[in-house]
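Chain and residue survey
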Amino acid sequence: MPRKGMRSIFFKPSSSHHPPRHYSLPPPSPLRTFSDTLMDDNIHKAESLITKWDYNNNNNNSVSSRLSNSSSLFSGTRLDAKHYIDAVKGLQSAMKYLVAQDPSSAYLLRAQSLMQIAMKTLEREFHQILKANREYLDPETVSNRSETLSNRSSTDFGQNSFSDFDEIVSDDEFRLAGEGVADAERASMLAVNDLKAIADCMISTGYGRECVRIYVLVRKSIVDEALYNLGVEQLSFSRLQKMDWEVVELKIKHWLNAMKVAVGTLFNGERILCDSVFAATAPEKRIAESSFAEITRDGAMMLFGFPEMVAKCKKTPEKMFRTLDMYEAISENWQQIESIFSFESTAKVRTQAVTSLVKLGDAVRTMLSDFESAIQKEPCKTTIPGGGVHPITGYVLNYISLLADYSGVLVDIIADYPQSPMPESFYRSPIHEDSTSSSFSTVPSPAISERIAWLILVVLCKLDVKAERYKDVALSYLFLANNMHYVVEKVRKSNLGLLLGEEWMAKHEAKTKEYVAKYERVGWNSVLTSLPENPAAEISAEQAKACFVSFNTAFHEACKKQSGWVVPDPKLRDEIKVSIALKLVSKYGEFYDKNRVGSESAIRFLPDDIGNQLSDILYGIGESSSGSSHALTTSSSRRSNGSSR
């Protein structure tokens, strides 16, 4: 029997689909050699088997019966298939010999006719195996089986391919050799082994093109159908940019899932299957490459081309995170993409994936710049009633905290991003190497930290300007305290804290306390100054009564006004009230104890009443004092004290 793996393509097959069945052969010559006789035997043996399984022979009742019973040459013990392949190889050897001896020989013409019949039979078998075993040749089964085989020892069945057998094997042989293998995986292995046997035979006899044509036709339809079911479709840029963002976002969600399945399973499985059917050695390696390229190129270009189109659409802040999702999906799968599409024939696919990655990165940088610009251009004319947290503070911090969750992706995107025009001391905070979290496996990138800190500084500067719109200076400080506190708490409770560090948080927490202290001093100064500087000093009864009256008026007005002010954070609100109460109760209590006798008619509040009166302030339920616009007289001093972030 000729050695398996012979790849000498020595004969161009006829284009006829129905070659003649019989030729008049010359009588045997008495001078024929042993080799002549051996080649004759090969031809007669091949003729017997090939005509037996000739699907195009309408007079072949045996085959017709088998076809009606959905039988196959490659079924059961596969003994017929093994003999058939051996006969074809013998026929190939005979043809090679006859070409060298007598190219015009009638034996050679007959051998040619038989070879064409055999190839038609093997084409049909190849197609039938591909179609009948679609369930067992799906990419997921192929990928899983390949992974299983790669983890098994050399004594187990298979290692890095579907079969270690050099010959066609039966169902029973596979079952014995692959004990512990699931039925679906065993069926997959058996089908691949059969396909490989046919492919080897057809390629070695010069019919590789016919084999590849069938393989590509069947497998490409499967890949295209799978991508369609995953939501991958052919879209034009003009159509995409006319879609509402909600529609585009839904398509991106489908794309993210498709990306995961296509790269991890679909394309990977097809690559493994191609390499298994067409052995990964020349010239079959080139056939495997070209087949895989034909099967996957169109689908892969659609898949990897979609992000580029999205990146070219109009950019708005809400598109940032889906853009980052797509960038992350390609970036995380890049090594596998590069490995799967490593052929020169699939270079276009790799290029498309890289192009999409670059365009997505450009889009993110543009949106970051637009986001910063939008903060700076936000109108400053309106104020928040009661000095609460401004919507821009909540929006920006929520947005930035989501950006922090993508810090690993942003590292690559903003590595060369221009830094802020201000001195680093305004926004830079050292990142300690002992900062750890489950969300960060490494120390955060300084570039990310500085960009985030700069964006926060931009919004804090905008809040400084907005604070100047309040008529009441105390309310402006309360507004700054509320917003700074919100910023610090948002940073502390998110990944922003890991990016900015403890030093940054401590620095800005101190600014919150500074704003609170200024609010207390300005907002309650009239109440505290209504009493003598030294509340224990000796004064006349009339002076004491006048002080009590002044305190009553000032305290009542302050409580009434500040009942319309608000501190949304309960903890901060309680801390402020306790601080105010301590100051007032301490001074008023001492003055009350010293001067209550003789001043009963002027006394409106007992020391214990102070805390009760303060309980109604800073809830934003009383009279509001937001005020319209005029510049604060102390704005320059406040800005000089509060500009350093």
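Residues numbered from 1 in each chain as written. Predicted model: local features only at pLDDT ≥ 70, side-chain atom pairs only at ≥ 80, totals over all residues. Heavy atoms only, no water.

The next subject is the overall build of the protein chain. For the protein chain, the count of helices and strands is 24 helices and 0 strands. The contacts of the protein chain with a sequence gap of at least 6 include a subset with a gap of at least 24, amounting to 83%. Summed over all atoms, the accessible surface of the protein chain reaches about 30300 Å², with 51% contributed by carbon and sulfur. (Helix = DSSP H or I, 4+ residues; strand = E, 2+ residues; numbered from the N terminus. Contact = heavy atoms within 4.5 Å. Areas by Shrake-Rupley, 256 points an atom, 1.4 Å probe, with all protein chains shown as cover.)

Turning to the side chain of Arg-219, a few remarks are in order. Among the secondary structure elements, Arg-219 is positioned in helix H8 (residues 208-229). A polar contact of 3.0 Å, which involves the side chain of Arg-219, links it to the backbone oxygen of Leu-137. In this view, Arg-219 contacts Leu-130, Leu-137, Pro-139, Glu-270, Leu-273 and Ile-295; residues no more than four positions away in its chain are not counted. (Polar contact = N/O pair within 3.5 Å; in protein donor to acceptor, adjacent residues only side chain to side chain.)

With that settled, consider the pattern of salt bridges. Scanning the model with the defined rule gives 25 salt bridges in all. Each of the salt bridges in this network shares a partner with another, and the network as a whole consists of Glu-489, Arg-492, Lys-493 and Glu-509. (Salt bridge = Lys/Arg side-chain N within 4 Å of Asp/Glu carboxyl O.)

In this section: the environment of Asp-593. Following the sequence through the fold, Asp-593 ends up in helix H22 (residues 570-595). For the pair Asp-593 and Pro-607, spaced 14 residues apart in the sequence, the C-alpha separation amounts to 9.2 Å.

Tallied over the entire structure, the rule returns 20 aromatic pairs. With centroids separated by 6.2 Å and ring planes inclined at 85°, the aromatic side chains of Phe-304 and Phe-341 adopt a geometry described as edge-to-face. Highlighted residues: Phe-304 in helix H11 (residues 284-312) and Phe-341 in the loop between helix H13 (334-340) and helix H14 (347-377), separated in sequence by 37 residues. Ring centres 4.2 Å apart and planes at 20° place the aromatic pair Phe-371 and Tyr-399 in the stacked group. Taken as a pair, Phe-371 in helix H14 and Tyr-399 in helix H15 (residues 391-404) lie far apart in primary sequence, 28 residues in all. (Phe/Tyr/Trp six-rings, centres within 6.5 Å; stacked < 30°, edge-to-face > 60°.)

Time to look at unusual backbone geometry. Residue Leu-618 is not a glycine yet carries a positive backbone phi of 65°. If you trace the backbone, Leu-618 turns up in the loop between helix H23 (607-614) and helix H24 (635-642).

Tracing the backbone through its elements, the reader meets Ser-276 in helix H10 (residues 245-277). Look at Ser-276 and you get buried, because its relative accessible area is 9%. Polar side-chain contacts of Ser-276 include one of 2.8 Å to the backbone oxygen of Ile-272. (Buried < 20%, exposed > 50% of the residue type's maximum accessible area, 1.4 Å probe, protein only.)

At a closest axis distance of 9 Å, the pairing of helix H17 (residues 446-467) and helix H18 (residues 473-492) adopts a crossing angle of 165°. What the angle tells us is that H17 and H18 run roughly antiparallel. The two elements H17 and H18 cross, and the hand of that crossing is right-handed. The segment H17 lies against H18, with Ile-456, Leu-460, Leu-463, Asp-464, Lys-466 and Ala-467 engaging Ser-476, Phe-479, Leu-480, Asn-483, Met-484, Val-487 and Val-491. Of the residues belonging to the contact of H17 with H18, the class tally is 9 nonpolar, 2 polar and 2 charged. (Axes fitted to C-alpha atoms, helices over the stretch in contact; angles between N-to-C directions. Parallel < 35°, antiparallel > 145°, perpendicular 65-115°, else oblique. Left-handed = near helix turned anticlockwise from the far one by under 90°. Nonpolar A, V, L, I, M, F, W, Y, C, P; charged D, E, K, R; others polar.)

Turning our eyes to something else, we now look at the packing of H17 against helix H19 (residues 496-523). Two elements in contact, H17 and H19, have axes separated by 10 Å at closest approach and are oriented at 25°. When the axes of H17 and H19 are compared, the pair comes out roughly parallel. When the axes of H17 and H19 are compared, the crossing they make is right-handed. Across from Ile-448, Ser-449, Ile-452, Ala-453, Ile-456, Leu-460 and Asp-464 in H17, the residues of H19 making contact are Leu-496, Leu-499, Leu-500, Trp-504, His-508 and Tyr-515. Among the residues forming the contact of H17 with H19, the class breakdown is 10 nonpolar, 2 polar and 1 charged.

Turning next to the confidence of the model for the protein chain. Residues shown with low pLDDT carry predicted positions that ought not to be read at fine detail. Taken as a whole, the protein chain shows an average pLDDT of 80; of its residues, 76% reach a score of 70 or greater. A low-confidence stretch, residues 1-25 (pLDDT under 50), is modelled with 57 contacts involving residues beyond four sequence positions or located in other chains. Across residues 151-166, where pLDDT falls below 50, the model places 36 contacts with residues more than four positions away in sequence or in other chains. (pLDDT = per-residue confidence, 0-100.)

For the rest of this paragraph, the subject is the environment of Glu-338. Relative to the assigned elements, Glu-338 resides in helix H13. As a C-alpha pair, Glu-338 and Arg-350 span 12 residues in sequence and 6.5 Å in three-dimensional space.

To continue, consider the environment of Arg-469. As for its placement among the helices and strands, Arg-469 is situated in the loop between H17 and H18. On the basis of relative accessible area, Arg-469 is assigned to the partly exposed category, the value being 24%. For the pair Arg-469 and Ile-384, spaced 85 residues apart in the sequence, the C-alpha separation amounts to 9.8 Å.

What follows deals with the state of the cysteines. Per the counting criterion, the structure on display carries 0 disulfides. Cysteine Cys-201 shares no disulfide, and the gap to the nearest cysteine sulfur, in Cys-211, comes to 9.8 Å. Overall, Cys-201 belongs to the buried group, its relative accessible area being 1%. (Disulfide = S-S within 2.5 Å.)

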